[in-house]
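Descriptive analysis of the structure
Spelled out, the chains give:
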Amino acid sequence: SNTELAFPQTFSDSLRVVEVRKGEAFFEVAEDPSKPFVVRTGTTQTRVLGTTFNVRYQAEVEQVEVALVSGKVRYTAEDAELLLEPSEMVRTNTRGTQKSTFDLLAVTGWKDGKIVFDNTPIDEVVRVLENWYGVEIEFHNKEKNKTSYTGVFENQTLESVLIGLGFSTQSQLIIRQKK
């Protein structure tokens, strides 16, 4: 939820450009060497010919993540230009650009209805759940800054997720509808 994409009604004869203004999108791009596919996110761009990859843009914290599932992409940021191979990802934020490997389920599980947390700080867990379910969550735990969570939820209701999360973190969670 909360993803914003922009694209023309018809692509040009030489280039297919899509903009992820915020949020996350998974692309399966048909190869067409005469019409490269470009995804713009803030000040970065990812250029592909034929591939599958995930783009996550958190505009509020100025962070872009591109994770390559298959094919090849060329990623360009203000401070770097990188070629990614399958199972590699790149992250650009205020600290610069870093390349690493990634867990496929953790990065792309969302498109199959799976929310994956791997020793994730509770503030990030709450942010993900707020975006996923379109609610605001208050988390009450004296040890909040030391709390993290590991688990996978597949097509679960918010109530089920919060019961499991509250039980395992020994916390109280309050749900409010977003205004």
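Residues numbered from 1 in each chain as written. Predicted model: local features only at pLDDT ≥ 70, side-chain atom pairs only at ≥ 80, totals over all residues. Heavy atoms only, no water.

1. What about the nonpolar core?
- Ranked by internal contacts, the top residues of the largest apolar core, which has 19 residues, are Phe27, Phe37, Val39, Phe53, Val55 and Val66.
- Of the residues forming this core, the biggest block, five residues, is contributed by strand β2 (residues 16–29).
- Not counting chain neighbours up to four residues away, the residues in contact with Val39 comprise Val18, Val20, Phe27, Thr44, Gln45, Thr46, Phe53 and Val55.
- Of all hydrophobic cores here, the second largest spans 16 residues; its members include Ile115, Ile122, Val126 and Phe139. (Core = buried A, V, L, I, M, F, W, Y, C linked by side-chain atoms within 4.5 Å. Buried < 20%, exposed > 50% of the residue type's maximum accessible area, 1.4 Å probe, protein only. Helix = DSSP H or I, 4+ residues; strand = E, 2+ residues; numbered from the N terminus. Contact = heavy atoms within 4.5 Å.)

2. Digging into the packing of aromatic side chains
- Counted under the stated rule, the structure contains four aromatic pairs.
- Over the face of the ring belonging to Phe26 we find Lys111, whose NZ or CZ atom lies 4.7 Å from the ring centre. (Phe/Tyr/Trp six-rings, centres within 6.5 Å; stacked < 30°, edge-to-face > 60°. Lys NZ or Arg CZ within 6 Å of the ring centre and 35° of its normal.)

3. Description of the environment of Asn54
- Locating Asn54 in the fold gives a position in strand β5 (residues 51–58).
- Taking relative accessible area as the criterion, Asn54 reaches 2% and is therefore assigned buried.
- Between the C-alpha atoms of Asn54 and Glu28, which are 26 residues apart in sequence, the distance is 9.1 Å.
- Those residues in contact with Asn54 that sit more than four places away from it in its chain are Glu24, Ala25, Phe26, Glu65, Val66, Ala67, Val107, Thr108 and Trp110.
- At a separation of 2.9 Å, a polar atom in the side chain of Asn54 contacts the side chain of Trp110. (Polar contact = N/O pair within 3.5 Å; in protein donor to acceptor, adjacent residues only side chain to side chain.)

4. Let's talk about the pattern of salt bridges
- Scanning the entire structure with this criterion turns up 10 salt bridges.
- A salt bridge links Glu124 to Arg56; the nearest nitrogen and oxygen atoms lie 3.2 Å apart. In this pair, Glu124 sits in helix α2 (residues 122–133) while Arg56 sits in strand β5, placing the two residues 68 residues apart along the sequence.
- Salt-bridge contacts for Asp112 lead to Lys111; the nearest nitrogen and oxygen are separated by 3.7 Å.
- If you follow the salt bridges from partner to partner, you end up with Arg56, Glu65, Arg91, Glu124 and Arg127 in one network. (Salt bridge = Lys/Arg side-chain N within 4 Å of Asp/Glu carboxyl O.)

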